[in-house]
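One letter stands for each residue in the lines below.
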Amino acid sequence: MIETAAKPEIDEALLERFLSEIKSKVPHVVERDGSKTFVNQTPLEDLTSPLIECARVEYGLEIPAKNIKIFGKFDSKINGGSVKVRPAVEIIEEAIASGKLRTGQTVFEATSGNFGIALGTLEEIGINVIFLVSRKLQSGVLDELNKSSAKTVNLDIDICPAPGLALDQNLVIAKATAINVREQLVDLGLDAALFDGSRAEIEGLLARQDVINLAKLLAKVYGGFCPEQYDNELNVKSHEKVTAPEIDQQLGEIGLSLADFKIISAFGTGGTSAGISKYLQTKHGKKAVHIVFPLSNQDVAGIRTKDKASGLRFYDPALYAGQHEVDFEPARRVLRFFVGKGYDIGESSALALYACLQMLNYGVGDKFVVMLADGIDKYRSTLGTVAQAPPPLEVTLPQASSNVADYGEVLWTHGMFVPKEDGIKLVASSLGCDESKIKVARVSDVQALISTEKIPDNIRNALPKDNRKVLLVCMAGGTSLRVAQIFAAKGIQGQSLTGGIMSLSESSKKQPSDLVRMATEYAP
C-alpha cells in the first residue's frame with residue numbers, strides 16, 4: 001500500500017485575518033461575473049509638465065512638449081509605502097493558503113528595505129518576522145523597519161550581491177560574523193543548538209556573502225518560512241496579473257493604451273520589470289520595458305548595479321527593450337525638484353525619472369510610464385531636508401501672488417519687448433502689488449546679460465537693495481527663466497514667473513493674444 005504525504009494543515013483563522021486586515025487594503029483583482037475589477041489602485045499621474053519643467057530648471061534642457069506624454073505610477077501611495085507590497089501580499093497569501101505558513105512560525109528574509117517594510121505588517125496578525133539586514137543599510141530605511149515589531153539581525157556584509165557570488169572572503173571573518181548572528185538570534189529567543197547544528201553551512205554562506213540563501217537556510221533550521229522574493233515566481237506574477245493590467249486599464253480610461261508606451265523601472269529583484277514585460281508581450285506583442293541601474297560605484301537603496309543583477313533569477317535581458325546605467329548624482333536634483341513640488345518619490349523613482357528625461361532629450365521615445373517605487377520619508381536623513389534645497393527658479397502666478405511681499409522688486413526682462421502702461425497695471429494687479437514695485441529692464445541690457453552672462457549696471461541697480469528675492473517676468477517665461485539661472489549662478493535670488501504674462505490669461509479673463517497686444521510693445 002502506497003502512503004501519500006499528509007496535506008499541510010491550513011491556518012484558516014490566520015488566512016481570514018490576512019485577507020481582511022492586509023490584502024483588503026492593497027491593490028488586488030476581484031473577479032465578478034466574468035469581469036475583473038481592480039481594487040485599491042495606486043495613482044497614475046500625468047507628469048509631463050513637471051518633468052519638462054525639471055529638465056529646463058535643473059539642467060537647462062529645452063524639451064519640446066509636442067506629442068510627449070509622461071505618466072508616473074505612484075506605488076509610493078500604496079498601503080505599506082512601496083511597490084514591494086504587491087509581491088509580498090501575493091507570496092504570503094499563497095504561503096498561508098497552502099499551509100506553508102501558520103500562526104507561531106517565524107518569517108526570515110534578507111532585505112534592503114521595502115520588501116521588509118511590507119512584511120513588517122505581518123506582526124499585526126501574529127506572524128513573527130526576522131530581517132537579515134546589512135549595517136550599510138540607510139538609517140532612514142532601518143528606522144522604517146523598526147517601526148513595526150519585526151526584528152532585525154544586523155550583518156557586517158553587503159546583502160546585495162547576487163546569490164552564490166564567489167568572493168575571496170577570509171573564512172575567519174565569516175566565523176566571527178556567524179558568532180555575531182548567533183548571539184542576535186539567541187537574544188530574539190531562538191534556540192542556539194539549532195543554529196550550531198548548521199554552523200558549517202551558515203559560515204559557508206556568510207563567506208560567500210550569500211545572505212539570500214542564508215535567510216532560506218535559517219527558515220529551514222527554525223521551522224519557519226522564507227518568502228524568497230529573489231526566486232519566488234509570485235514576485236513576477238503579481239506584476240503580470242495586477243500591476244501591468246491595472247496601468248493598462250487606467251490609461252484606457254483616458255483614451256490611451258499601454259501598447260503605445262515605454263515603461264521605465266529601476267531594477268531591484270527584477271520582479272516588476274519581468275512581470276510588466278511578460279504582460280506586454282502577451283497582451284500587446286511587444287517589448288517595451290526599460291530597466292535602470294545606478295553606476296557600478298553608487299549605492300541607491302534597494303536597487304542593484306548591473307554587475308550585481310546578472311546572477312539573479314529574474315534578470316532576463318531577453319525581456320527588456322533597453323538597459324540603462326544612469327549616474328545617480330545628477331538624478332538627486334530630480335528628487336529635490338519633485339519632492340519640493342509635493343510629489344512623494346524616493347531615490348529609485350528619481351533615478352527612473354532622470355533616465356526618462358535623458359531618453360526624451362535623446363529622442364528615444366515620447367510616451368513613457370515611469371514606475372515610482374516608493375516615497376521620500378526613508379531618504380531624508382541621507383539627502384538632507386528638502387526644505388534646505390535652493391528655492392525653485394520658477395514660480396506660478398498663485399505662488400508669486402500669495403508671497404508677493406517676499407519680493408523686493410518685480411523686474412520685466414525681455415530681449416525684444418517692453419510692457420506698455422496697461423501691461424504694468426496688469427502685472428501689478430495680477431500679483432496684488434503696487435505698480436511702483438514693477439521695474440522694466442532695458443532691452444539692450446537684457447540682451448547683454450544673456451549673451452555675456454554679466455550683469456549690466458542698470459539691471460544691478462534695479463535689484464532689491466535689501467537682498468530680498470526679485471520676481472522676473474517676461475512674455476512667456478523663457479527669457480526670465482534664463483535670467484534667473486544667470487542670477488542664481490551669481491548668488492542673486494531670482495525667480496521667474498512661469499508662463500510670463502501668458503499666465504495672466506485666466507485671471508484677467510483675456511485671450512493670450514489680447515494680452516500681448518495690450519501689454520507689450522516692440523523696443524528695437
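Residues numbered from 1 in each chain as written. Predicted model: local features only at pLDDT ≥ 70, side-chain atom pairs only at ≥ 80, totals over all residues. Heavy atoms only, no water.

## Here we look at the overall build of the protein chain
We apply this condition: Each helix corresponds to a stretch of at least 4 residues labelled H or I by DSSP, and each strand to a stretch of at least 2 residues labelled E; elements are numbered beginning at the N terminus. Only protein chains enter the accessibility calculation, which uses a 1.4 Å probe; a residue is then buried when its area is under 20% of its type maximum, exposed when over 50%, and partly exposed in between. Working rule for contacts: check all heavy atoms of both residues, and any pair within 4.5 Å makes them a contact. Surface accessibility follows the Shrake-Rupley procedure with a 1.4 Å probe radius. Residue values consider only the protein chains on display as shielding.
On a plain count of helices and strands, the protein chain comes out with 22 helices and 18 strands. Relative to its 524 residues, the protein chain shows a buried fraction of 54%. Summarising the internal contacts of the protein chain: among those between residues at least 6 apart in sequence, 73% fall at separations of at least 24. For the protein chain, the accessible area works out to roughly 22,900 Å², and carbon and sulfur atoms hold 49% of it.

## Focus: the environment of Ala-373
Relative to the helices and strands, Ala-373 is located in the loop between strand E11 (367-372) and helix H15 (380-383). Given a relative accessible area of 16%, Ala-373 falls into the buried group. As for Ala-373 and Gly-81, which are separated by 292 residues in sequence, their C-alpha atoms are 8.4 Å apart. With residues near it in sequence (within four places) discarded, Ala-373 still touches Asp-75, Ser-76, Gly-81, Ser-82, Val-83, Ser-348 and Ser-349.

## Brief notes about the pattern of salt bridges
One side chain can pair with another of opposite charge once the charged atoms of both are near each other. Here is the rule we go by: Any carboxyl oxygen of Asp or Glu within 4 Å of a side-chain nitrogen of Lys or Arg constitutes a salt bridge here.
This model, assessed by the stated rule, comprises 25 salt bridges. In this structure, the salt-bridge partner of Lys-341 is Glu-53, at a minimum N-O distance of 3.2 Å. In this pair, Lys-341 sits in the loop between helix H13 (328-340) and helix H14 (347-361) while Glu-53 sits in helix H2 (residues 48-59), placing the two residues 288 residues apart along the sequence. For Lys-341, a relative accessible area of 33% gives the class partly exposed. Classification of Glu-53 as buried rests on a relative accessible area of 14%. Of the charged contacts in the structure, one is a salt bridge between Lys-216 and Asp-231, with a shortest N-O distance of 2.4 Å. One end of the pair, Lys-216, is in helix H9 (residues 211-221); the other, Asp-231, is in the loop between H9 and helix H10 (234-252), with 15 residues separating them in the sequence. One network of salt bridges, in which partners are shared, links Lys-175, Arg-182, Asp-196, Arg-199 and Glu-203.

## Examining empty space enclosed by the protein
Our working definition: Both cavities and pockets are sets of points on a 1 Å grid over the protein atoms alone; in a cavity a 1.4 Å probe fits but cannot get out, in a pocket the set is open with protein on both sides within 12 Å along at least five of seven lines, and lining residues sit with an atom within 4 Å of a point. Grid points are joined across faces, edges and corners, and a volume is the space filled by probe spheres set on the points. All residues other than Ala, Val, Leu, Ile, Met, Phe, Trp, Tyr, Cys, Pro, Asp, Glu, Lys and Arg, Gly among them, are scored as polar; the first ten of these are nonpolar and the last four charged.
Overall, the coordinates contain 5 cavities of 30 Å³ or more when judged by the stated rule. The computed volume of the largest cavity comes to approximately 350 Å³. In terms of lining residues, the largest cavity is bounded by 34 residues, among which Val-83, Lys-84, Gly-268, Gly-302 and Ile-303 are the most central. Listing elements by their share of the lining of the largest cavity, those giving two or more residues are helix H4 (114-119), strand E8 (262-266), helix H11 (271-283), H14 and E11. Considering each element in turn, the lining of the largest cavity owes the most residues, 3 residues, to H11. Classifying every residue of the lining of the largest cavity gives 14 nonpolar, 14 polar and 6 charged.

## What to know about the packing of H13 against H14
Counted only if it meets this: Comment: axis = line fitted to C-alpha atoms, over the contacting stretch for helices; angle = value between 0 and 180 degrees taken between N-to-C directions. For classification, angles of less than 35 degrees are called roughly parallel, those exceeding 145 degrees roughly antiparallel, those between 65 and 115 degrees roughly perpendicular, and all remaining angles oblique.
H14 packs onto H13 with a crossing angle of 105° between their chain directions and a minimal axis gap of 8 Å. Between H13 and H14, the crossing angle belongs to the class labelled roughly perpendicular. Taking contact as the criterion, the partners of Phe-328, Pro-330, Ala-331, Val-334, Leu-335 and Phe-338 in H13 are, on H14, Glu-347, Ala-350, Leu-351, Leu-353 and Tyr-354. Class assignment for the residues of the contact of H13 with H14 results in 10 nonpolar, no polar and 1 charged.

## Quick look at the sheet that holds strand E5 (residues 106-110)
Sheet strands pair via backbone hydrogen bonds, and the direction of the pair is either parallel or antiparallel. Filter applied, for reference: Any two strands with at least two DSSP-identified bridges between them are counted as paired.
The parallel open sheet is built from 3 strands, whose spatial order is E5-E6-E7. Unpaired on one side and paired on the other, E5 and strand E7 (151-155) mark the two borders of the sheet. With strand direction ignored, the average angle separating the axes of adjacent strands in the sheet is 20°. As paired strands, strand E6 (residues 128-134) and E7 are joined by 5 bridges and run parallel to one another. If you follow Val-133 over to E7, its bridge partner there is Asn-154. On the sheet, H9 packs against E5, E6 and E7 and is oriented at approximately 170° with respect to E5.

## Here's the deal with the nonpolar core
Rules: The nonpolar core is taken to be a set of buried Ala, Val, Leu, Ile, Met, Phe, Trp, Tyr and Cys residues, with the residues joined through side-chain atoms within 4.5 Å.
Core analysis: the largest hydrophobic core is formed by 58 residues, its most contacted members being Ile-264, Phe-338, Ile-345, Leu-353 and Phe-487. The leading source of residues in this core is H14, at 10 residues. Beyond its immediate stretch of four places on either side in the chain, Phe-338 contacts Leu-47, Pro-50, Leu-51, Cys-54, Tyr-343, Ile-345 and Leu-353. The next biggest cluster of nonpolar side chains, apart from the first, holds 28 residues, and it includes Leu-44, Tyr-230, Phe-267 and Val-289.

## Quick word on the side chain of Gln-298
Topologically, Gln-298 is positioned in the loop between strand E9 (289-294) and helix H12 (306-309). Residue classification places Gln-298 among the buried residues on the basis of a relative accessible area of 15%. Filtering out sequence-adjacent residues up to four positions away, Gln-298 remains in contact with Thr-305, Val-326, Asp-327, Phe-328 and Glu-329.

## Examining the environment of Val-242
If you trace the backbone, Val-242 turns up in helix H10. Along the chain, Val-242 and Phe-38 lie 204 residues apart, while their C-alpha atoms are 7.8 Å from each other.

## Description of the packing of aromatic side chains
Here is the rule we go by: Each pair of aromatic rings taken from Phe, Tyr and Trp, with Trp reduced to its six-membered ring, is defined by centres within 6.5 Å and is described as stacked if the planes are under 30 degrees apart, edge-to-face if over 60, and tilted in the remaining cases.
Under the defined criterion, the tally for this structure stands at 10 aromatic pairs. Taking the centre distance of 5.5 Å and the plane angle of 40° together, the rings of Tyr-59 and Tyr-354 count as tilted. Highlighted residues: Tyr-59 in helix H2 and Tyr-354 in helix H14, separated in sequence by 295 residues. A relative accessible area of 10% means that Tyr-354 is categorised as buried.

## Structural notes on the sheet that holds strand E3 (residues 44-46)
The strand order across the open sheet built from 6 strands is E3-E4-E11-E8-E9-E10, with neighbouring strands paired in mixed fashion. Of all strands in the sheet, those with a lone pairing partner are E3 and strand E10 (322-326), marking the two edges. The average undirected angle you get between the axes of adjacent strands in this sheet is 25°. As paired elements, E3 and strand E4 (residues 69-74) share 3 bridges and run antiparallel to each other. Bridging from a neighbouring strand, Asp-46 pairs with Phe-71 of E4. In the packing of H11 onto the sheet, contacts are made with E8, E9 and E11, and the angle to E9 comes to roughly 165°.

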